[in-house]
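What follows is each chain in one-letter form.
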Amino acid sequence: MRRFAQILAAAAGGAVVLAGLAAPAHAEVWNCFSSVNTTTNVAGAFCASGFGSYRVAATCNSAHYPYTRTVVGPWVTKVSGQSGPASTVSGDSQGCHVVKAWTQFP
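The rules behind the values
- Residues numbered from 1 in each chain as written.
- Predicted model: local features only at pLDDT ≥ 70, side-chain atom pairs only at ≥ 80, totals over all residues.
- Heavy atoms only, no water.
- Helix = DSSP H or I, 4+ residues; strand = E, 2+ residues; numbered from the N terminus.
- Buried < 20%, exposed > 50% of the residue type's maximum accessible area, 1.4 Å probe, protein only.
- Contact = heavy atoms within 4.5 Å.
- Areas by Shrake-Rupley, 256 points an atom, 1.4 Å probe, with all protein chains shown as cover.
- Polar contact = N/O pair within 3.5 Å; in protein donor to acceptor, adjacent residues only side chain to side chain.
- Lys, Arg positive; Asp, Glu negative; His and termini not counted.
- Salt bridge = Lys/Arg side-chain N within 4 Å of Asp/Glu carboxyl O.
- Phe/Tyr/Trp six-rings, centres within 6.5 Å; stacked < 30°, edge-to-face > 60°.

Student: Is there a simple way to think about the overall build of the protein in this case?
Tutor: Within the protein, the regular secondary structure consists of 2 helices and 6 strands. From first element to last, N terminus to C terminus, the protein shows the α and β order α-β-β-β-β-β-α-β. Out of the 106 residues in the protein, the part that is buried amounts to 27%. Residue pairs at least 24 apart in sequence account for 59% of intrachain contacts in the protein once pairs closer than 6 positions are excluded. Total accessible area on the protein stands at roughly 7,100 Å², and carbon and sulfur atoms take up 61% of it.

This is the structure in structure tokens:
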């Protein structure tokens, strides 16, 4: 009986290892929009459909080196059946001017 318990424990451990190697469920968002408000110097992105994570990324221009760089907002998660939250990034806090925005996905 003890040997059977050892074999069962080893099999369960192997199943846990294999489950850990399996790919996570693939989330997908779509109907995503990004924009730049030059008056407030803020870029934003949101997704209207699906579920999963995304964030805004923006090209930000500066008078100092590096003259152009990419700045990003926080990752946000859209829940299925609800409008997604906005991910925003301010050029003011980065010391640059936001000129172009797009949505990034993990």
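Student: Explain the side chain of Asn-41 here, please?
Tutor: Counting through the fold element by element, Asn-41 comes out in the loop between β1 (28–37) and β2 (42–61). Note on Asn-41: relative accessible area 6%, which makes it buried. Looking at Asn-41, its side chain comes within polar contact range of the main-chain nitrogen of Val-98, at 2.8 Å. Those residues in contact with Asn-41 that lie beyond four places of it in its chain are Val-89, Ser-90, Gly-91, Asp-92, Cys-96, His-97 and Val-98.

Student: Would you take a moment to explain the side chain of Arg-55 for this structure?
Tutor: Among the secondary structure elements, Arg-55 is positioned in strand β2. No salt bridge is formed by the buried Arg-55, whose closest oppositely charged neighbour, Glu-28, lies at an N-O distance of 18 Å. At 2.8 Å, the side chain of Arg-55 and the side chain of Gln-104 are in polar contact. Apart from the residues lying within four places of it in its own chain, the contact partners of Arg-55 are Val-72, Gly-73, Pro-74, Trp-75, Ser-87, Trp-102, Thr-103 and Gln-104.

Student: Got a minute to help me understand the packing of aromatic side chains in this structure?
Tutor: To describe a pair of aromatic rings, you give the distance between the ring centres and the angle between the ring planes. For the structure on display, the rule yields 2 aromatic pairs. Ring geometry for Tyr-65 against Tyr-67: centres 6.1 Å apart, planes inclined by 85°, an arrangement best described as edge-to-face. Tyr-67 carries the same exposure label as Tyr-65, and that label is exposed.

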